[in-house]
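Structural overview for review
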Amino acid sequence: ELKVEQNPLFLSMQEGKNYTIYCNYSTTSDRLYWYRQDPGKSLESLFVLLSNGAVKQEGRLMASLDTKARLSTLHITAAVHDLSATYFCAVEDRSNYKLTFGKGTLLTVNP
Amino acid sequence: SAVISQKPSRDICQRGTSLTIQCQVDSQVTMMFWYRQQPGQSLTLIATANQGSEATYESGFVIDKFPISRPNLTFSTLTVSNMSPEDSSIYLCSVDYRGGLNTEAFFGQGTRLTVV
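These lines cover the structure that appears in this document, whether it is placed above or below. (Residues numbered from 1 in each chain as written. Chains lettered and ligands numbered in written order. Predicted model: local features only at pLDDT ≥ 70, side-chain atom pairs only at ≥ 80, totals over all residues. Heavy atoms only, no water.)

1. Quick notes on the overall build of chain B
A tally of helices and strands in chain B yields zero helices and eleven strands. Taken over the C-alpha trace, chain B has a radius of gyration of 14 Å; the compact-globule value for 116 residues is 13 Å, and the two agree within 12%. Along the first, second and third principal axes, the C-alpha atoms of chain B reach 45 × 25 × 20 Å. Residue burial in chain B is summarised as follows: out of 116 residues, 51% are buried. (Helix = DSSP H or I, 4+ residues; strand = E, 2+ residues; numbered from the N terminus. Rg over C-alpha atoms; globule rule 2.2 N^0.38 Å. Buried < 20%, exposed > 50% of the residue type's maximum accessible area, 1.4 Å probe, protein only.)

2. A closer look at the pattern of salt bridges
Residues and elements named next belong to chain A. One pass over the structure, following the stated rule, counts five salt bridges over all chains. When the shortest N-O distance is used, the salt bridge between Lys3 and Glu1 registers 3.8 Å. Residues Lys3 and Glu1 agree in their burial class; the two are exposed. Ionic pairing is found between Glu92 and Arg31, a salt bridge with its closest N-O pair at 2.6 Å. With Glu92 in strand S9 (residues 85–92) and Arg31 in the loop between strand S3 (19–25) and strand S4 (32–37), this residue pair connects regions lying 61 residues apart in the sequence. The pair formed by Glu92 and Arg31 is uniform in burial state, with each residue classed as buried. (Salt bridge = Lys/Arg side-chain N within 4 Å of Asp/Glu carboxyl O.)

3. As for the interface of chain B and chain A
Contacts between the two partners involve 21 residues from chain B and, on the opposite side, 19 residues from chain A. Carbon and sulfur atoms make up 53% of the area that chain B and chain A hide from each other, which totals about 1,500 Å². The largest per-residue losses of area from chain B upon contact with chain A belong to B:Ser42, B:Leu43 and B:Phe107, which jointly make up 25% of the total buried on that side. Our count for the chain B to chain A interface comes out at one salt bridge. With its nearest N and O atoms 2.5 Å apart, the salt bridge here joins A:Lys98 to B:Glu58. Scanning the region where chain B abuts chain A turns up six residue pairs in polar contact (both at pLDDT 80 or more). Every element with two or more residues in the side of chain B that touches chain A is listed here: strand S4 (31–37), strand S5 (43–49), strand S9 (89–99) and strand S10 (102–107) of chain B. Of the residues contributing to the side of chain B that touches chain A, the split by class is eight nonpolar, eight polar and five charged. (Contact = heavy atoms within 4.5 Å. Buried area = accessible area lost by both parts, 1.4 Å probe. Polar contact = N/O pair within 3.5 Å; in protein donor to acceptor, adjacent residues only side chain to side chain. Nonpolar A, V, L, I, M, F, W, Y, C, P; charged D, E, K, R; others polar.)

4. Observations regarding the sheet that holds strand S7 (residues 68–72) of chain B
All names here are of chain B. A sheet is described by the order of its strands in space; here four strands give the open sequence S1-S3-S8-S7, paired in antiparallel fashion. Whereas interior strands pair on both sides, the edge strands pair on one side only; in this sheet they are strand S1 (4–7) and S7. When the angles between neighbouring strand axes are averaged without regard to direction, this sheet yields 15 degrees. In this sheet, strand S8 (residues 75–80) lies alongside S7 in antiparallel orientation, the contact comprising three bridges. Its bridge partner being in S8, Ser69 is matched across the sheet by Thr77. (Pairing = 2+ DSSP bridges. Axes fitted to C-alpha atoms, helices over the stretch in contact; angles between N-to-C directions.)

Rendered as structure tokens:
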């Protein structure tokens, strides 16, 4: 059974600071997703990581994937208030395409 | 990419009643999934909607409570039956879209269900 561990679950940051969210998973996978969710909204796809060593960047967010370590990171650079949201990683089971989600990280960026 | 239309976007229902949620995709897709997100929680897979056969349910979810239809490759419904307040959640439809070399999961906008 695929297990996904995401940490931290809660993150309070000052604007302008950097931080990293971690996503560990238990079995081999070909695809890892990062999503953003604002309160009361659906999921917004941020990144799809497909291969070992993949790195993708969009604005102040950068995601990477190490399939050997079964670890993905979401790095936040110079945080701004607009980044406040819940961030989920999700790992795809290569045998059936089902997604297993981490518990999510509630990010609050304070002025 | 795939565009998913999910209806209704929200509803408030009386306990003991049932609600059917619709998911329409603008492309033919093989894999469709239904997820539940309880308040303050992460997403949990309810079932895989199989075209032309019964849905495959995850542990803790049963067909009598969450009947699913998948009449074709672009449409599915999820019914939440005999609702109780514990069913108050966001329900999301997802597809695994394969376009050329790219494969990606896409989500509908979700249905926010409140049971009173």
